[in-house]
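One-letter residues, chain by chain:
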Amino acid sequence: MASAASNIPGPARHDSQGIPMHAPGRRLTTATNPHKHIHPVPEKSHVGPDIEAYKAAHSDTVGPHSDAWWAQQARDNLTWIKDFSIVRTGGFPSAEELKEDNPNPPSTLPITWFPDGALNACYNCVDRHAFKNPDLTAIIYEADEPGEHQYITYGMLLNEVCRVANVLKDMGVKKGDTVTIYLPMTWQAAAAFLACARIGAIHSAVFAGFSAESLRDRILDCGSTVLITADEGRRGGRSVATKVIADQALKECGDANPVKHVLVLSRTGSKTVAEQHFTPGRDVWWHEAVSNVPSYCPPEVMNSEDGLFILYTSGSTGKPKGILHTTGGYLLGALLTVKYVFDVHPGDKFACMADIGWITGHTYIIYGPLSLGTTTTFFESTPVYPSPSRYWETVSKHGLTQFYSSPTAVRLLRKLGHQHVQDHDLSSLRVLGSVGEPINPEAWNWFNEHVGKGECAIVDTFWQTETGSIIVTPLPGAIETKPGSATVPFFGIETEIVDSMSGKSLEGDNIEGVLCIKKPWPSIARTIWGDHKRFVDTYLRPYPGYYFTGDGAGRDEHGYIWIKGRVDDVINVSGHRMSTAEVESALLLHNGVAETAVIGTSDEMTGQAVNAFVTMKPEFSYDSAIEPALIKELVLQVRKIIGPFAAPKRIFIVTDLPKTRSGKIIRRILRKIVAGEGDQLGDLSSVAEPEVVDVIKQKVADSMSA
C-alpha cells in the first residue's frame, strides 16, 4: 500500500445526511477519526493534494482557452504520423439548428477532434512501446483454470498483431471494412482488435454471451465480410460452444450473409468443433493462418476522424444501436482517463475485470492501458471460480496495482463473506474502481475496508458506451469521496443538471434533474452506424444545446454529482444495458404471447432485474398447473434470443395489463407493485379498467410468497 501522507487533517467531514466524506490519501488515527473511513492518497498521484488543485487543473480543460491544453495533451501522449493544426470543430446543435426546416441540419455539423491529423491506434498501443522495451509485459492473461496464466510482452503482442493483420489482408479486408469479433476473454482478442486497427478496418466486437440471433443481427447491420471467433470459450470451469453459436448466426443470416471468411482461434482444441463445425474454404484456424504470413505489417495511416470500432448498445427501442468511435479523440480519452482516474505510473499492473465485448473492456482492458504503455490484465474466469477468493488470489499472484470491477461483483463477494479476502496479500493495490452502475454505500464500505484495507483510493466512475471514456469520477489525490457519489467531472467535461420538463439548467446545489453535458469531449461517439438521425434524436434533440446521457442525477451541497439511474426504458443488469423493448420483442416471438410489458426493478445483487408481465392469446389454452413450465419456456426463449444475462428474474402471466383509455400500458403501476408499493399507486383515474390492477397485485403477491 502507499504510505500515509504527512499532513494530518481535522475530523472527518460529513454531508447533510451524515454520510462520511472520504479523503483518499489522508490517514487519521482512531482518536481523531472515529469513522476510520479516511484512506491515503498515493504519494505520487498525478492530481492533488486537494480539490482546489483539481479545480485549477479542470479550468484549463474547458472553455474557449482549452484548445491549447488539449493540443498539448494530444501531442505529449500520442504519436502522430501527421501533426494537426485544428483541435476541434462542431458542437451540440441548438433548438434552431434542430428545426425540421433548417437548411443545415445537425448531420452537416459534425463533431471532430484533431481532424487534419493522422495516426494509427495500433502503433500507439503496441509498436512504440515494443520498440522502447520489447520485454515489458503488455498483458497478464489469467486463464479460467487457476495456475494457467501467461505474460505477453509488447514484443510478443506486436508479432501476433502483425501476423493477424496480414491474415486479414489476405482475406481481402481493406481500410474502412468491418470485421466482427466474437471471442471469449483470451489475450488473443487484443491481437484481433489491434490487427483491425493496424490495417484501418473497423472492428465490431460482440459479447460472447450473446445468442446466435444477436450475433446475426450485428453482423448483418455492419456488413462484416470476416468473423473472428473461437472453437470454444471457458468460464467458471465450463466450456461455452462459441463456434456452434457463431455457425448458427451465419446460417440465420441466410442469403444476406456477408461473411466470406471465419478465423477460428483454438482455445480448447475441441475435436468436436474440428470435426463437425468447421467449413473448409470458409473457416481457417488462427494458428495455421498466422504461421503462413510475414511477421510484420506496416500500420495504415489513419485520419484522426476515421472509424476505429462499432459497438452495439441498447436503446429505448428494440433495435440495438451501432455506436461508432473514431481514432484520435477516443484514444486520447482512453489514455488520459487511465492515467488520471486510476493514477497509473510506470511499472503499474492495471486490472479491469470486465469483458472485451463491452465498452469497459474496449477502453480499460485494451486501448487505455496499452496506449499508455502499462501492463493490462485479461481475466477469463469468474469472481467465484473455483472459490470466492479468485479475484484476490489473482491480485496477490500478479501484484496488481489497480483493480476495476462492477458493483454486482462487489455485492456478491460481500455476501459470501470477507473471510475469502483476508488471507491474501493485497498490499500492491493503490486504486479500486467501480463501473457499470452507482455502487451502494454498503458495498463501497466493504470494498474499502476489506479489499483496500482503508488505504486505497476508491473511484466510483460514471460513463457510457457513447461517452467512450469516464466522464464523472473522483481523482485520487484530490477528491474527497462519498460512498455512492461519482463526485466531479473529468477533464474537459462540463456537466449540467437540467430540469426534465423545461430543459432549463438547474442552478445551485441540492437539486435533481437529468444529467447533460454542455460541450463535446474527444472520446464522444460520432454517430450511430448507418443512422445519424437516430444519433441526433437520441442524444442531441431531447435537450437542445446539450448531450443527453439518459440518466437522472442530483447535485448535493458540496457540488458532487449523484447518478440516479436511467430515465428511459433501459434496464441495467450487472452493468449490462438492455432496452425493455428488446426483451419484450423476444417474448412476443412465442406463439402464445399476446402482449407483454417489461420493467426494471431494484435488485440487491445485480442492481436491477428484469421483470416481465405477459398476457396469452385467447386461442392459446393451457392448464394453470403447467404455468411454471410455461414461464420457464419463456425465460429460455429470452436467453436464446438475446443471451443469458437478459433472462427475466420473474415472469408474471396475467389476464390483462393496466392501460390508459388510448391503450398505452402504464408501466409505473407495474414497477410499484413489484417493488412492494402496491398501496402507493396514486391516482388510477387514467386506468381504463382499474380492476385489472387488483388482479395483478394479487398475482404478484402470490408469486412472491410461493
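As the structure is a computational prediction, the values presented were derived from the model and not from experiment.

Considering the overall build of the protein
The helix and strand tally for the protein stands at 20 helices and 30 strands. The C-alpha atoms of the protein give a radius of gyration of 25 Å, which matches the 27 Å a tight globule of 706 residues would have. In terms of overall dimensions, the protein has a C-alpha envelope of 70 × 70 × 65 Å along the principal axes. In the protein, 71% of the contacts between residues at least 6 apart in sequence involve partners at least 24 apart. Surface accessibility of the protein: about 26,600 Å² in total, with carbon and sulfur atoms responsible for 51%. Charged side chains of the protein number 66 positive and 80 negative; the gap between the two group centres comes to 1 Å.

Details of the UniProt feature "domain: Acetyl-coenzyme A synthetase N-terminal" (unreviewed entry) in the protein
Following the UniProt record, one finds the feature "domain: Acetyl-coenzyme A synthetase N-terminal" (unreviewed entry) at residues 65–125. Secondary structure over residues 65–125 splits into 26% helix and 10% strand, and the C-alpha atoms at its two ends are 29 Å apart.

What to know about the sheet that holds strand β25 (residues 561–566)
Within the open sheet, the four strands sit side by side as β21-β22-β24-β25. Their pairing is antiparallel. Sheet topology places β21 (495–498) and β25 at the edges, where each strand pairs with a single neighbour. Averaged over all pairs of adjacent strands, the angle between strand axes in this sheet comes to 45 degrees, irrespective of strand direction. Strand direction decides the pairing type here: β21 and strand β22 (residues 511–517), joined by four bridges, are antiparallel. Across the sheet, E496 pairs through a bridge with C516, a residue of β22.

What to know about the environment of H345
Relative to the helices and strands, H345 is located in the loop between α10 (328–341) and β16 (350–352). Considered as a pair, H345 and H46 are 299 residues apart in the sequence and their alpha carbons are 8.9 Å apart.

Comments concerning the side chain of T408
Structurally, T408 is set in helix α13 (residues 407–416). In this structure T408 comes out as buried when scored by relative accessible area, which is 12%. Among residues more than four places away in sequence, those in contact with T408 are E437, S574, M605 and T606.

Side note on unusual backbone geometry
Here the bond from G48 into P49 is cis, since omega is 20 degrees, no more than 30 degrees from zero. Topologically, P49 is positioned in the segment before α1 (51–59). Of the consecutive residues Y385 and P386, the connecting peptide bond is found in the cis state with omega at -5 degrees. If you trace the backbone, P386 turns up in the loop between β17 (376–379) and α12 (390–398). Phi at N510 takes a positive value of approximately 55 degrees, unusual for a residue other than glycine. Within the secondary structure, N510 sits in the loop between β21 and β22. Under the relative-accessibility criterion, N510 is labelled exposed at 55%.

A look at the nonpolar core
Within the largest apolar cluster, 125 residues are counted, with the highest numbers of intra-cluster contacts made by L157, L194, I228, F342, I366, Y367 and F378. Once you skip the residues sitting within four places of it in the chain, L194 turns out to touch C122, C125, V126, L157, V161, I366, Y367 and L370. Within the second largest apolar cluster, 40 residues are counted, among which are L250, W358, V593 and F645.

Conventions we followed
- Residues numbered from 1 in each chain as written.
- Predicted model: local features only at pLDDT ≥ 70, side-chain atom pairs only at ≥ 80, totals over all residues.
- Heavy atoms only, no water.
- Helix = DSSP H or I, 4+ residues; strand = E, 2+ residues; numbered from the N terminus.
- Rg over C-alpha atoms; globule rule 2.2 N^0.38 Å.
- Contact = heavy atoms within 4.5 Å.
- Areas by Shrake-Rupley, 256 points an atom, 1.4 Å probe, with all protein chains shown as cover.
- Lys, Arg positive; Asp, Glu negative; His and termini not counted.
- Charge placed at Lys NZ, Arg CZ, Asp CG, Glu CD.
- UniProt positions renumbered as here; feature names shortened; annotations may be inferred.
- Pairing = 2+ DSSP bridges.
- Axes fitted to C-alpha atoms, helices over the stretch in contact; angles between N-to-C directions.
- Buried < 20%, exposed > 50% of the residue type's maximum accessible area, 1.4 Å probe, protein only.
- Core = buried A, V, L, I, M, F, W, Y, C linked by side-chain atoms within 4.5 Å.

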